[in-house]
Amino acid sequence: MAQAPATVSAVFLKYDRKNFSDSQLIEIYKELLKPRLIEEKMLVLLRQGKIAKWFSGIGQEAISVGCGLALEAEEYILPMHRNLGVFTTRKIPLHRLFSQWQGKPGGFTNGRDRSFHFGTQEFHIVGMISHLGPQMGVADGIALANLLKKNQKATAVFTGDGGTSEGDFHESLNVAAVWDLPVIFIVENNGYGLSTPSSEQFRMKQFIDKGIGYGIEAVQVDGNNILETYSTIKSLAESIRKKPRPILLECMTFRMRGHEEASGTKYVPPQLFEEWGKKDPVSNFENYLLSEKIIDENLIASTRREIKQEIEKNLEIAFAENNPEPETAREVHDVYDNTKLKISFPVSDKKTEMRYLDAITDAMRLGMRKYDNLVIMGQDIAEYGGVFKATLGFVEEFGKGRVRNTPICESAILGAGLGLSISGMKSIVEMQFADFVTCGFNQVVNNLAKTHYRWGQNADVVVRMPTGAQVNAGPFHSQSNEAWFVHTPGLKVVYPAFPSDAKGLLLASIEDPNPVMYFEHKALYRSITEEVHEDYYTTEIGKARLVREGSQATIITYGLGVHWAMETLDQNPNISADLIDLRTLLPWDQETVETSVRKTGRVVILHEDTLIGGIGGEISAHLSEHCFQYLDAPVVRVASLDTPVPMNVELENNFLAKARFEEGLKRVVGY
Ligand SMILES: Cc1ncc(C[n+]2csc(CCOP(=O)(O)OP(=O)(O)O)c2C)c(N)n1
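Residues numbered from 1 in each chain as written. Predicted model: local features only at pLDDT ≥ 70, side-chain atom pairs only at ≥ 80, totals over all residues. Heavy atoms only, no water.

Residues and numbers for the overall build of the protein chain, please.
Scanning the protein chain for helices and strands turns up 24 helices and 23 strands. Radius of gyration (C-alpha) of the protein chain: 28 Å, near the 26 Å computed for a compact globule of 671 residues. Projecting the C-alpha coordinates of the protein chain onto the three principal axes gives extents of approximately 95 × 55 × 50 Å. Taken across its 671 residues, the protein chain has 60% of its residues classed as buried. Of the contacts made within the protein chain by residues no fewer than 6 positions apart, 80% connect residues no fewer than 24 positions apart. Total accessible area on the protein chain is roughly 26100 Å²; 51% of this is exposed by carbon and sulfur atoms. Here the protein chain carries 71 positive and 86 negative side-chain charges, and the mean point of each set is 3 Å from the other. (Helix = DSSP H or I, 4+ residues; strand = E, 2+ residues; numbered from the N terminus. Rg over C-alpha atoms; globule rule 2.2 N^0.38 Å. Buried < 20%, exposed > 50% of the residue type's maximum accessible area, 1.4 Å probe, protein only. Contact = heavy atoms within 4.5 Å. Areas by Shrake-Rupley, 256 points an atom, 1.4 Å probe, with all protein chains shown as cover. Lys, Arg positive; Asp, Glu negative; His and termini not counted. Charge placed at Lys NZ, Arg CZ, Asp CG, Glu CD.)

Quick look at the structure:
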């Protein structure tokens, strides 16, 4: 157990009251004291077994409170797990915080997430996900929205010193630097990441030394000195509102308790507690105000009494609240933003022959024209037009503000997509190749996918995924990774096989307020054409398409598989089969599939993805569970080999499911 902060009567910190009036200083004191008293109460409740876990920020309050006081109420703050002061200075009713910590409905996540893991538009706070660093990319997106709206707002995001070791820190600072984003990156340097001391976390002497590496300003403050944190953040915010740019703010501080209360503090030398205990942010400020005769013992006592009463009153409310009543339908429903989208039909009959790639470009162009809050971000997508030229000419029409070349920072950019959405904007993020989404995987599966379920915030982001093999590009430019995302509640996964669907589904994805992984097959870009409506139209997400009709079997496939199946059927005119193009993989169209299976009684599932853990397994399991009585043959899956994708054309052909599809189809039909 850590030692309690030493009670000091002397003032060990140097306070500069600047132009603060006495009453302002008293207000600041009250704001600083409140999180301390809440925490002290939480520690008591923890010992009494009334709460389960506590991440303490005792010793670091001056940073959170300084930031909360310095920014305007409409400016977003993205705090971490030790920043209670951000929440209290934003005047969140305490019973809502207490309910949140107890998983009660009066909190912000209806019991779905813990402690400070929530956001609230009402208070302009975006809480963390457990992974620490992703916050910073989200802050970039919020700041980008502010920059594009020219609304002169600052954003502040927190990280611990340990969190800066993550790639997200580097990526987010780098993106913010290149784009001049008005963000204050606040590093709370408390010397430890869990139990690991700074010496085992990084080599540089101090964080401000990193500023030069990113080409940004960096400022260091005494993080325990409330007047210094408050005044510095206030003036930095004023400055970046006028001249947008990121600033790294290093706050020197110390965590006076364990990482969380159960973890102990054995790893911290006792003299550090002694040394930093003297610099306690609350008692020093209190003593300073006493020494300046701005407050007296009576005011201290009455302030403490008032705050304690407020805490007790609000705790009563939270404790009296019932736990959330589990309701399965509501849990499943809340995974998505269920705003009903109207399907748009083309106004005229005018059609043009388009390649698959042209249809994608056309959809993006029409989407950009319709939604002036839509931003496209990706590597080399601006003047260069993207490696596949999908956005050629877009900069000329829409400008560099909305068509943004990004540094090679998948994670920060996907996080920025969420930040834009939080600020009411839309985005398309182009992965240069679907394979590279691995570098931003966390933002997709943990941030974009889970945010709506957690605190009701939608992530209006389309991730374009140039995918697939048959292009002799080897293991890192050919993968089919759609199954990873189909397994992630909260995402939609779309995968068109034809130009007309590519256009309609991309426009539907842009309209959809949920995160959509939009897979586009590279081998189809320039190899197929179709007459496509010139007008704006959308194709419903979640609906399969019956491409061919037949009686002997049902072929279920998507993407390039649809074309392989058509080719095989053309070569085998004696086989009569329903050919279903799923078009959307999450949610997949069970009704269309079941209707066909009930008719044919035989099923072959074809996908380019490898077999084990592929979507075929899910569909097959579903059919054996729900259509067993209609089946006249075992469901057959034809997939690519369970190996990485080889480059050599012969090896790749052998790898791909196409090589085994005809045999599989005949096996099913002849069973
Ligand atoms: C990606 C990731 N790895 C590991 C953890 C486990 N973890 C939680 S907090 C923490 C230490 C964070 O240290 P720091 O950023 O310095 O913040 P502090 O706790 O000191 O305030 C670790 C390792 C995590 N949450 N996320």
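From this point, the discussion proceeds with the structure in view.
Describe the pattern of salt bridges, naming the residues involved and giving the relevant values.
One pass over the structure, following the stated rule, counts 38 salt bridges. In this structure, Arg 365 and Glu 397 form a salt bridge, with 3.9 Å as the shortest nitrogen-oxygen distance. Separated by 32 residues along the polypeptide, Arg 365 in helix 13 (residues 356-370) and Glu 397 in helix 14 (residues 394-398) bring together distant segments of the chain. Note on Arg 365: relative accessible area 23%, which makes it partly exposed. Residues participating in the shared-partner salt-bridge network are Asp 501, Glu 530, Arg 545 and Arg 583. (Salt bridge = Lys/Arg side-chain N within 4 Å of Asp/Glu carboxyl O.)

Could you give an account of the packing of helix 21 (residues 590-600) against helix 22 (residues 615-626), naming the residues involved and the relevant values?
Packed helices, taken two at a time, are described by the angle their axes make and the gap between the axes. Relative orientation of the contacting elements helix 21 and helix 22 amounts to 60°, with a least axis distance of 11 Å. Our classification of the angle between helix 21 and helix 22 gives oblique. Taken as a pair, helix 21 and helix 22 cross one another with a handedness that is right-handed. Between helix 21, through Gln 590, Val 593, Glu 594 and Val 597, and helix 22, the contact on the second element is made entirely by His 622, Leu 623 and His 626. The residue makeup of the contact of helix 21 with helix 22, split by class, is three nonpolar, three polar and one charged. (Axes fitted to C-alpha atoms, helices over the stretch in contact; angles between N-to-C directions. Parallel < 35°, antiparallel > 145°, perpendicular 65-115°, else oblique. Left-handed = near helix turned anticlockwise from the far one by under 90°. Nonpolar A, V, L, I, M, F, W, Y, C, P; charged D, E, K, R; others polar.)

Before we move on, could you go through the site of the ligand and cite the residues and values that matter?
Arg 82, Ser 130, Gly 162, Gly 163 and Tyr 192 are the nearest of the 16 residues found near the ligand. Taking Gly 163, its main chain carries an N or O atom lying 2.8 Å from an oxygen atom of the ligand. Residue Asn 190 places a side-chain N or O atom 3.0 Å away from an oxygen atom belonging to the ligand. Here the ligand loses 69% of its free accessible area of 580 Å² to cover by the protein chains. Its residues assigned to classes, the shell around the ligand comprises three nonpolar, nine polar and four charged. (Near = heavy atom within 4 Å. Polar contact = N/O pair within 3.5 Å; in protein donor to acceptor, adjacent residues only side chain to side chain.)

Can you explain the sheet that holds strand 18 (residues 545-548)? Please cite residues and give values.
Pairing is mixed in the open sheet, where five strands are placed in the order 18-20-19-22-23. Looking along the sheet, the strands with just one partner apiece sit at the ends: strand 18 and strand 23 (636-640). Across this sheet, the average inter-strand angle for adjacent strands is 25°, counted without regard to direction. By the bridge criterion, three bridges tie strand 19 (residues 553-557) to strand 22 (residues 603-610) in an arrangement that is parallel. (Pairing = 2+ DSSP bridges.)

Explain the sheet that holds strand 21 (residues 584-586) residue by residue, including any values.
If you trace the seven strands from one edge of the open sheet to the other, you get 12-11-13-14-16-15-21, paired in mixed fashion. Looking at which strands have only one partner, the edges of the open sheet turn out to be strand 12 (403-405) and strand 21. Averaged over all adjacent pairs, the angle separating strand axes in this sheet is 20°, with direction ignored.

Outline the pairing of strand 9 (residues 247-252), supporting the account with residue identities and numerical values.
In terms of burial, strand 9 is largely enclosed, as five of its six residues are buried. The sheet contact formed by strand 5 (residues 183-189) and strand 9 spans six bridges and is parallel. Residue Phe 185 lies in a different strand from strand 9, and its bridge partner there is Leu 248. Between strand 8 (residues 217-222) and its parallel partner strand 9, the chain crosses via helix 8 (residues 226-242), and the hand of that crossover is right-handed. (Right-handed = clockwise from strand over helix to strand, strands pointing away.)

So what's going on with the nonpolar core? Residues and values would help.
Within the largest apolar cluster, 77 residues are counted, with the highest numbers of intra-cluster contacts made by Met 377, Val 444, Met 465, Phe 485, Met 517, Leu 582 and Leu 623. Counting 72 residues, the second largest nonpolar core, distinct from the first, contains Met 42, Phe 118, Val 282 and Ile 294. (Core = buried A, V, L, I, M, F, W, Y, C linked by side-chain atoms within 4.5 Å.)

Can you lay out helix 2 (residues 61-70) for me, pointing to particular residues and giving the numbers?
Summarising burial for helix 2: nine of the ten residues are buried, a large majority. Among the residues of helix 2, Glu 61, Ala 62, Ile 63, Ser 64, Val 65, Gly 66, Cys 67, Gly 68 and Ala 70 are the ones counted as buried.

Quick rundown of unusual backbone geometry? Include the residues and the values.
Going from Leu 586 to Pro 587, the amide bond is cis rather than trans, its omega being -5°. Of note in the backbone geometry, Lys 18 takes a positive phi value of approximately 45° without being a glycine. Structurally, the position occupied by Lys 18 is in the segment before helix 1 (22-47). Within the chain, Lys 150 stands out as a residue other than glycine whose phi angle is a positive 50°. Given a relative accessible area of 71%, Lys 150 falls into the exposed group.

Now, about the packing of aromatic side chains: what can you tell me, with residues and values included?
By the definition in use, this model includes 27 aromatic pairs. Ring centres of Tyr 192 and Tyr 267 lie 5.7 Å apart, and the angle between their planes is 55°; this geometry places the pair in the tilted category. Linking Tyr 192 in strand 6 (residues 192-193) with Tyr 267 in the loop between strand 9 and helix 9 (270-278), this pair joins segments that are 75 residues apart in sequence. Of the residues examined, Tyr 192 reaches a relative accessible area of 10% and is grouped as buried. Residue classification places Tyr 267 among the partly exposed residues on the basis of a relative accessible area of 24%. Aromatic pair Phe 441 and Trp 484: ring centres 5.7 Å apart, planes at 85°, arrangement edge-to-face. One end of the pair, Phe 441, is in helix 16 (residues 441-448); the other, Trp 484, is in helix 18 (residues 482-486), with 43 residues separating them in the sequence. Aromatic rings pair up to connect Trp 54, Phe 87, Phe 98, Trp 101, Phe 108, Phe 116 and Phe 118 into one cluster. Positioned over the ring face of Tyr 336 is Lys 492, at 5.5 Å from the centre of the ring. A cation sits over an aromatic face here: Arg 598 above Tyr 630, 5.9 Å from the ring centre. (Phe/Tyr/Trp six-rings, centres within 6.5 Å; stacked < 30°, edge-to-face > 60°. Lys NZ or Arg CZ within 6 Å of the ring centre and 35° of its normal.)

A description of the pairing of strand 8 should follow, citing residues and the corresponding values.
Pairing between strand 8 and strand 9: six bridges, direction parallel. Opposite Ala 218, over in strand 9, you have Leu 248 as the bridge partner.

Break down the packing of helix 5 (residues 134-149) against helix 15 (residues 410-422) for me, with residues and values.
At a minimum axis separation of 6 Å, helix 5 and helix 15 run at an interaxial angle of 50°. Relative to helix 15, the element helix 5 is oriented oblique. In this structure, helix 5 meets helix 15 at a crossing whose hand is right-handed. Side by side, helix 5 and helix 15 meet where Gly 137, Val 138, Asp 140, Gly 141, Ile 142, Leu 144 and Ala 145 of the first sit next to Ala 412, Gly 415, Ala 416, Leu 418, Gly 419, Leu 420 and Ile 422 of the second. A per-class count over the contact of helix 5 with helix 15 returns nine nonpolar, four polar and one charged.

Which residues make up the state of the cysteines, and what values go with them?
Here a disulfide denotes one covalent bond, and it connects the sulfur atoms of two cysteines. Within the structure shown, the criterion is met by zero disulfides. Cysteine Cys 409 is unpaired, with the sulfur of Cys 439 as its nearest cysteine sulfur at 10 Å. On the basis of relative accessibility, which here comes to 47%, the residue Cys 439 falls in the partly exposed class. (Disulfide = S-S within 2.5 Å.)

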